[in-house]
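The lines below spell out each chain.
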Amino acid sequence: MKWIVGEKNLQQEKIVDFGNKFLVGNGYLGYRGTMEEYGKKEFTACILSGIYDQQGTAWREPINAPNGMYTKLLADGEPYDLLSCDVKDHNQQLDMRFAIHLRESVLSGKNNEVKVKSERFASAADYHLLTMNYSFSFTHSAEVQLITGIDGDVWDINGPHFADYAYHKEGAALAVEVITGELHHHVVTAETAVMNVEGRQEIIEKDKGIFRKISFSAKAGKTYTISKAVVVYTSEDVADPLTLALEESCSAIERGYDTLKKEHEKIWADYWEAADVIIEGDEEAQFALRYSIYQLLSIAPRHTQAASIPARGLSGQTYKGAVFWDTEMFMLPFFLYTDPEVGKNLMNYRIKTLNGARKKAAEYGFRGAFYAWESQENGQDACSDYNVTDVFTNRPMRTYFRDKQVHISADVAYGIWQVYLLTGDRSILLDGGAEVILECARFYCSFSYYKEEKERFELIDVIGPDEYHERVYNNAYTNKMAVYTIKIALETLELLKEEPNFYEALIDKLNYQEDLEGIIRLKRMLYVPEPDRKTGLIEQFDGYFNLEDTTVEEVRSRLINPKEYWGGAYGVASDTQIIKQADVVLLLNLFKEEYSQKDKEANWTYYEPRTEHGSSLSACIYAMQACDIGDPEWAYPYFMKTASVDLTGESKQFAGTIYIGGTHPAANGGAWMTAVLGFGGLKVNEAGIITVDPVLPEKWQKLSFKIFVKGQQYKVEISKQGSEIMKVVKS
Ligand code: BGC
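Residues numbered from 1 in each chain as written. Predicted model: local features only at pLDDT ≥ 70, side-chain atom pairs only at ≥ 80, totals over all residues. Heavy atoms only, no water.

*Asks:* So what exactly am I meant to see when it comes to the overall build of the chain here?
*Replies:* Along the backbone of the chain there are 20 helices and 30 strands. The C-alpha radius of gyration of the chain comes to 26 Å, within 12% of the 27 Å expected for a compact globule of 731 residues. Its C-alpha atoms give the chain principal-axis dimensions of about 90 × 65 × 55 Å. For the chain, buried positions account for 63% of its 731 residues. The contacts in the chain between residues at least 6 apart in sequence include a share of 67% that link residues at least 24 apart. (Helix = DSSP H or I, 4+ residues; strand = E, 2+ residues; numbered from the N terminus. Rg over C-alpha atoms; globule rule 2.2 N^0.38 Å. Buried < 20%, exposed > 50% of the residue type's maximum accessible area, 1.4 Å probe, protein only. Contact = heavy atoms within 4.5 Å.)

What follows is the structure, encoded as structure tokens:
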């Protein structure tokens with residue numbers, strides 16, 4: 001079975017792409033798949049989770065730490081690197097099984113030729129550690145200089161973020177300490193290196209970095225190796241990041257690369273033991289799905305109890321490193337089923353940021369919790385009112401994602417409830433989750449509008465998942481999710497009554513008694529668009545069916561500029577029925593038990609040709625819904641699209657003029673969901689009863705995976721002959 005992702009030759013135009021594709025990470029940091037000699041122009045980055053900075057009035061974004069892996073070779077004064085040599089051979093690989101990045105290059109210069117081999121990983125045993133083994137041999141003897149150290153001149157989208165640089169040398173270790181401009185966080189990268197040759201070592205401080213220049217006479221054909229231990233800490237982690245980073249880089253290097261690698265590999269073997277999904281009969285699908293799982297495992301926050309995952313993972317500063325609904329609706333299922341602690345962690349982040357959501361609700365004149373559309377460390381909304389730049393005028397365009405995409409609060413409440421249902425553990429509710437759900441329900445009470453003549457409540461002036469249509473009334477998904485939020489708020493209250501002291505205290509604290517009546521009324525009277533009796537279609541929002549009914553191709557042909565934004569005030573899709581991503585189809589998929597097969601099929605068939613899939617969140621939903629309808633062959637191409645998005649690099653790179661490239665963890669989570677919940681037809685009811693109703697694609701002989709439900713792990717095996725669900729008993 002194939003575990004290696006590989007690319008041959010230097011594909012200069014794909015350097016940015018490969019940075020995403022070959023990423024290694026451990027949840028605390030993500031290190032892009034760039035070469036050791038690369039710098040900011042090649043988008044080298046070591047992105048840290050949950051720590052941000054703002055430069056002036058530019059967008060706040062996560063911090064890219066000084067690059068401790070930087071390494072460059074010179075022989076007889078000539079540079080030997082990918083960008084300045086004749087590349088005879090180049091091979092970049094990622095071993096997904098152990099999360100190890102590999103590189104082999106043969107580079108030819110004027111008088112010599114070098115073979116470089118490197119191996120690196122972001123340790124799963126120590127989240128602050130990145131390690132590397134870098135070896136090289138020249139065909140001719142030469143005076144070699146190896147320049148290695150910490151490059152602090154980093155790539156930023158809205159930087160620079162470091163207002164102050166200090167360089168340190170302590171024993172064998174070097175460090176760059178920087179202070180961020182906005183919140184004065186200290187960020188330290190320390191590095192220690194050992195080499196199998198005694199060279200002359202000089203320490204150089206230049207260009208925002210500190211480097212060792214190791215000079216020695218290299219013999220023809222002899223292999224020289226340097227091992228590096230790079231440690232990153234910030235003042236958000238510990239009070240004195242400098243001392244710890246220096247100490248840990250020294251102790252890591254003393255323990256030796258091989259020991260560190262063994263520890264790391266053992267943990268990755270355990271990750272795969274729980275998370276792997278095996279598809280027999282379809283190598284291509286197996287590979288793409290594994291790769292999607294690899295991406296999710298690499299960015300799972302395990303270093304703290306309350307952290308989430310940004311929409312572009314840890315692959316860069318795109319999308320401001322912000323957390324979207326992507327986490328709850330697209331990534332959470334994977335984690336909850338395969339590593340429930342990580343699932344809880346993701347939702348603890350929402351509990352931690354509840355006050356940010358309260359503030360946002362108050363800012364717009366509402367009560368309760370209105371979560372950030374693009375959430376940063378304290379739940380503040382990084383989404384701006386002008387989130388897209390018009391390609392024609394280069395002026396910011398007024399967008400309404402921040403103020404109108406109110407389904408976010410329901411998505412968060414839904415996520416918390418999923419944790420409770422699937423783990424069977426009330427602690428998530430008692431430790432803040434109940435408060436989140438109640439505050440989200442309160443928000444919808446405050447937001448809803450009573451329509452006299454129809455004697456019902458409505459949600460007006462919103463944006464649903466399909467962002468191309470702004471400020472619509474009664475988006476079916478949003479209204480349905482709001483009702484669901486209210487339903488689970490009431491169920492939460494019932495549950496909490498079993499803990500009377502807690503219940504009383506919470507109701508008092510939130511002053512909730514007075515809201516109860518309103519909430520019960522809203523549950524009864526909030527309008528949710530239903531399938532039309534004749535056609536079975538649910539109208540995405542009021543008036544959607546009156547918009548121009550045309551094709552995606554037609555709308556695309558109206559673009560004047562390929563990077564033009566399709567939505568907003570005068571976007572090409574705005575006054576048509578062409579939608580950006582799954583909307584009604586998502587609703588049907590989430591509440592599949594409540595709709596007839598006929599209605600589900602009617603809506604899939606209607607909306608599918610009208611969906612542009614301008615978001616990587618779309619394909620997996622169409623795939624899962626096709627499975628639910630019983631048509632795996634409709635689902636299959638969508639499954640492959642979602643599972644291979646970061647392998648092919650074929651995804652939207654721009655929204656207007658704004659770069660939005662990077663990895664796509666929501667699509668990765670969607671690939672897992674499609675395999676397990678879609679093709680596998682896995683269902684777990686509220687009592688924790690597990691069933692499967694599989695619809696395997698033609699080629700798939702067998703599908704097997706493991707899941708946790710209410711604390712017990714199960715192995716599920718599905719084949720054309722039948723299915724088996726077995727308890728996993730740990731010896
Ligand atoms: C999608 C959103 C998504 C965001 C981040 C946008 O293009 O429309 O639904 O949350 O990207 O992935």
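*Asks:* How do you make sense of the site of the ligand when you look at a structure like this?
*Replies:* The environment of the ligand is made up of A311, Y319, F324, W325, D326, W373, E467, K580, Q581, S615 and L617. A distance of 3.3 Å separates an oxygen atom of the ligand from a polar side-chain atom of Y319. Between the ligand and the protein, one listed contact pairs an oxygen atom with a side-chain N or O atom of W325 at 2.9 Å. Considering the ligand on its own, with 310 Å² of exposed area, one finds that the protein chains cover 95% of that surface. Tallied by class, residues from the shell around the ligand come to six nonpolar, two polar and three charged. (Near = heavy atom within 4 Å. Polar contact = N/O pair within 3.5 Å; in protein donor to acceptor, adjacent residues only side chain to side chain. Areas by Shrake-Rupley, 256 points an atom, 1.4 Å probe, with all protein chains shown as cover. Nonpolar A, V, L, I, M, F, W, Y, C, P; charged D, E, K, R; others polar.)

*Asks:* Help me out: how do you make sense of the packing of aromatic side chains in this one?
*Replies:* Think of a pair of aromatic rings as described by two things: how far the centres are apart, and how the planes are tilted against each other in angle. Using the criterion set out here, one finds 51 aromatic pairs in the structure. When the centroid spacing of 4.8 Å and the interplanar angle of 80° are considered together, the rings of W3 and W272 count as edge-to-face. Here the residue W3 occupies a position in the segment before β1 (4–8), and W272 occupies one in helix α3 (residues 257–275), the gap between them amounting to 269 residues. W272 carries the same exposure label as W3, and that label is buried. When the centroid spacing of 6.4 Å and the interplanar angle of 25° are considered together, the rings of Y165 and Y167 count as stacked. Residue Y165 is classed as partly exposed on the basis of its relative accessible area, which comes to 22%. Over the ring of Y271 we find R302; its NZ or CZ atom is 3.9 Å from the centre of that ring. (Phe/Tyr/Trp six-rings, centres within 6.5 Å; stacked < 30°, edge-to-face > 60°. Lys NZ or Arg CZ within 6 Å of the ring centre and 35° of its normal.)

*Asks:* Explain the side chain of R60 to me, please; I cannot follow it from the model alone.
*Replies:* Tracing the sequence through the fold places R60 in the loop between β4 (46–53) and β5 (61–64). The class of R60 is buried, set by a relative accessible area of 11%. Reaching out from R60, the side chain makes a polar contact with the side chain of Q376 at a distance of 2.7 Å. Polar contacts involving the side chain of R60 include one to the side chain of E377, which spans 2.9 Å. Not counting the four nearest positions on each side in its chain, R60 is found in contact with Y52, D53, Q54, E182, L183, K320, Q376, E377 and Q380.

*Asks:* What is the right way to look at the side chain of H185 in this model?
*Replies:* With respect to the helices and strands, the residue H185 is situated in the loop between β14 (173–180) and β15 (186–195). Overall, the relative accessible area of 7% leaves H185 in the buried class. Residue contacts for H185: discarding those within four places in its chain leaves I51, Y52, V178, I179, T180, S235 and E236.

*Asks:* Hey, could you run me through the pattern of salt bridges in this one?
*Replies:* Opposite charge on two side chains permits them to pair, given that their charged atoms come into close proximity. Overall, the coordinates contain 50 salt bridges when judged by the stated rule. Ionic pairing is found between R367 and E514, a salt bridge with its closest N-O pair at 4.0 Å. Taken together, the residues span a long stretch of sequence, with R367 in the loop between α7 (354–363) and β20 (388–389) and E514 in helix α13 (residues 513–525) at a distance of 147 residues. Owing to a relative accessible area of 39%, R367 belongs among the partly exposed residues under this scheme. Look at E514 and you get exposed, because its relative accessible area is 58%. Each of R358, R367, E435, E439, R442, K509, E514 and D515 takes part in salt bridges that share partners, so that together they form one network. (Salt bridge = Lys/Arg side-chain N within 4 Å of Asp/Glu carboxyl O.)

*Asks:* Hey, could you run me through the packing of helix α17 (residues 619–629) against helix α18 (residues 632–643) in this one?
*Replies:* Angle between the axes and distance between the axes: these two values describe a pair of packed helices. Where α17 meets α18, the axes come as close as 8 Å, and the angle between the chain directions of the two elements is 155°. As far as their axial angle goes, α18 and α17 are roughly antiparallel. Between α17 and α18 lies a crossing of left-handed hand. Here A619, C620, Y622, A623, A626, C627 and I629 of α17 come into contact with α18, specifically with W634, A635, Y638, F639, K641 and T642. Residues belonging to the contact of α17 with α18 are distributed by class as follows: 11 nonpolar, one polar and one charged. (Axes fitted to C-alpha atoms, helices over the stretch in contact; angles between N-to-C directions. Parallel < 35°, antiparallel > 145°, perpendicular 65-115°, else oblique. Left-handed = near helix turned anticlockwise from the far one by under 90°.)

*Asks:* I would appreciate a short explanation of the pairing of strand β16 (residues 200–206) in the present structure.
*Replies:* Relative to strand β17 (residues 209–218), β16 is paired through seven bridges, and the arrangement is antiparallel. By the bridge assignment, E205 is partnered in β17 with I210. In this structure, the hairpin formed by β16 and β17 is closed by a connection of two residues, where D207 is found at a positive phi of approximately 45°. (Pairing = 2+ DSSP bridges.)

*Asks:* What should I look at first to understand helix α9 (residues 407–423) in this one?
*Replies:* Each α-helix turn comprises 3.6 residues. Residues three or four places apart therefore point the same way. Compared with the 24 Å implied by 1.5 Å per residue over 17 residues, the 24 Å span of α9 between its first and last C-alpha is a close match. Burial analysis of α9 places 17 of its 17 residues in the buried class, which makes it a mostly covered element. Looking one or two residues beyond α9, the residue adopting positive phi is G424, at roughly 70°. (Expected span 1.5 Å × (residues − 1).)

*Asks:* What is the right way to read the pairing of β4 from this model?
*Replies:* Looking along a regular strand, one sees the side chains alternate between the two faces of the sheet. For β4, a buried count of seven out of eight residues is recorded, marking the element as mostly surrounded by other parts of the structure. When strand β3 (residues 29–31) meets β4, the two strands line up antiparallel, connected through three bridges. Residue pairing across strands places L29 opposite L48, the latter belonging to β4. Inspection of the sheet shows β4 paired to β5 by three bridges, in the antiparallel sense. Residue pairing across strands places Y52 opposite P62, the latter belonging to β5.

*Asks:* What is the right way to look at unusual backbone geometry in this model?
*Replies:* Most peptide bonds take the trans form, and the phi angle of most residues other than glycine is negative. Residue P160 is reached from G159 by a cis peptide bond, and omega for that bond is 0°. For P160, the location among the structural elements is in the loop between β12 (142–151) and β13 (162–170). In the Ramachandran plot, E455 falls in the positive-phi region, its phi being about 50° despite a non-glycine side chain. Mapping E455 onto the fold places it in the loop between β22 (449–451) and β23 (456–458).

*Asks:* Before we go on, may I ask you to explain the sheet that holds strand β9 (residues 100–108) in this structure?
*Replies:* In a beta sheet, neighbouring strands pair by backbone hydrogen bonds and run either parallel or antiparallel. The antiparallel open sheet is built from nine strands, whose spatial order is β1-β8-β9-β10-β11-β18-β15-β14-β13. The open sheet has two edge strands, β1 and β13, and neither has a second partner. For this sheet the average axis-to-axis angle between neighbouring strands, irrespective of direction, equals 15°. Pairing of β1 with strand β8 (residues 86–95), which is carried by five bridges, proceeds in the antiparallel orientation. If you follow V5 over to β8, its bridge partner there is L94. Across the sheet, α3 lies against β9, β10 (113–122), β11 (129–138) and β18 (224–234), angled at about 50° from β10, the strand it touches most.

*Asks:* Even after reading the chapter, I still don't get the nonpolar core, so can you show me in this structure?
*Replies:* If you look at soluble globular proteins, the nonpolar side chains tend to sit buried side by side. If you look at the biggest cluster of nonpolar residues, it comprises 221 residues, and the most contacted ones within it are L48, L73, F136, W325 and F639. Excluding residues within four positions of it along the chain, F136 makes contact with L73, V114, K115, V116, V144, L146, M195, F216, K222, T223 and Y224. I100, A175, A245 and L246 belong to the second largest nonpolar core, which has 18 residues in total. (Core = buried A, V, L, I, M, F, W, Y, C linked by side-chain atoms within 4.5 Å.)

In short, shape yes, function no, at least from these values alone.
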